[in-house]
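Notes for the structure review
Spelled out from the first residue to the last, the chains are:
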Amino acid sequence: TSSAHGVTIRLHIQLDDEPQDTSWEVRGPLPRPTLLDGVTYDYYTQSNSLVEEQIDDLEEGDYYFLLNDFHDNGIEHGSFRIIADLMTGPKVLAEGSGNFASGQISEFTIPNDQPVEVQISETGGYGIRGSAAVSR
């Protein structure tokens, strides 16, 4: 959901039969990325499950998603997807497979999703007056 404070993203990860080997981090915004959220190894315990995590109030800007595997064999038959809940609806910002060794880094961008106030004033005798919120 988009709010005056920022954008919410949902992170979906399809885990393999060794879920305890998976960890992840979201860092940003660039140029000075700080750790915003993540999980360590041994956090997930349900084999072959689809997990969903949510991170709220992200500002417009560029971010990193780091997906790691403890045993350096990736997430067999796994995948990830990052979805932003924007005013205009859900938007996939990044996605990928679990086909990696120890880890992979994906960059994604949170777009400006704040409403812009548009004033329509009385013109040419038509008497149209009002406002509407649109996203850029």
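It should be emphasised that the depicted structure is a prediction, and the values quoted were computed from it without experimental measurement.

1. Brief notes about the overall build of the protein chain
Counting its regular elements, the protein chain contains 0 helices and 11 strands. Taken from the N to the C terminus, the helices and strands of the protein chain come in the order β-β-β-β-β-β-β-β-β-β-β. Sequence-distant contacts, at least 24 apart, represent 67% of the contacts inside the protein chain between residues at least 6 apart. Total accessible area on the protein chain stands at roughly 8100 Å², and carbon and sulfur atoms take up 47% of it.

2. So, the pairing of strand β8 (residues 89-97)
Two strands pair when backbone bridges link them, and strand β7 (residues 79-86) and β8 are joined in this way by 8 bridges, in the antiparallel orientation. Counted as the bridge partner of L86 is G89 from β8. Hairpin connection of β7 to β8: 2 residues between the antiparallel strands.

3. Some words on the sheet that holds strand β3 (residues 22-28)
Two modes of strand pairing occur in sheets, parallel and antiparallel, and in both the strands are linked by backbone hydrogen bonds. An order of β4-β3-β6-β9 is seen for the 4 strands of this open sheet, with the pairing classed as antiparallel. The open sheet terminates on both sides in strands that have one partner only, identified here as β4 (34-39) and β9 (103-110). The sheet shows a mean angle of 20° between the axes of neighbouring strands, taken without regard to direction. Sheet analysis places β3 next to strand β6 (residues 61-69), joined by 6 bridges and oriented antiparallel. Its bridge partner lying in β6, S23 is registered against N68.

4. Concerning the confidence of the model for the protein chain
This prediction gives the protein chain a mean pLDDT of 85; 79% of its residues lie at or above 70. Confidence drops under pLDDT 50 across residues 125-136; counting only partners more than four residues distant or on other chains, this segment forms 26 contacts.

5. With respect to the environment of S23
For S23, the location among the structural elements is in strand β3. S23 gets classed as buried once you look at its relative accessible area, which sits at 6%. S23 sits 18 residues away from Y41 along the chain, and the two C-alpha atoms are 5.1 Å apart. For S23, the residues in contact, after removing those within four places along its chain, are V39, T40, Y41, L66, L67 and N68.

6. Some words on the side chain of H12
Topologically, H12 is positioned in strand β2 (residues 6-14). Engagement of the side chain of H12 in a polar contact is seen with the side chain of E52, the distance being 3.1 Å.

7. Regarding the pattern of salt bridges
Here the structure, examined in full by the defined rule, presents 3 salt bridges. For R10, the salt bridge goes to D85, with nearest N and O atoms at 2.8 Å. Of this pair, R10 sits in strand β2 while D85 sits in strand β7, placing them 75 residues apart in sequence. For D85, a relative accessible area of 16% corresponds to the buried category.

Conventions used here
Residues numbered from 1 in each chain as written. Predicted model: local features only at pLDDT ≥ 70, side-chain atom pairs only at ≥ 80, totals over all residues. Heavy atoms only, no water. Helix = DSSP H or I, 4+ residues; strand = E, 2+ residues; numbered from the N terminus. Contact = heavy atoms within 4.5 Å. Areas by Shrake-Rupley, 256 points an atom, 1.4 Å probe, with all protein chains shown as cover. Pairing = 2+ DSSP bridges. Axes fitted to C-alpha atoms, helices over the stretch in contact; angles between N-to-C directions. pLDDT = per-residue confidence, 0-100. Buried < 20%, exposed > 50% of the residue type's maximum accessible area, 1.4 Å probe, protein only. Polar contact = N/O pair within 3.5 Å; in protein donor to acceptor, adjacent residues only side chain to side chain. Salt bridge = Lys/Arg side-chain N within 4 Å of Asp/Glu carboxyl O.

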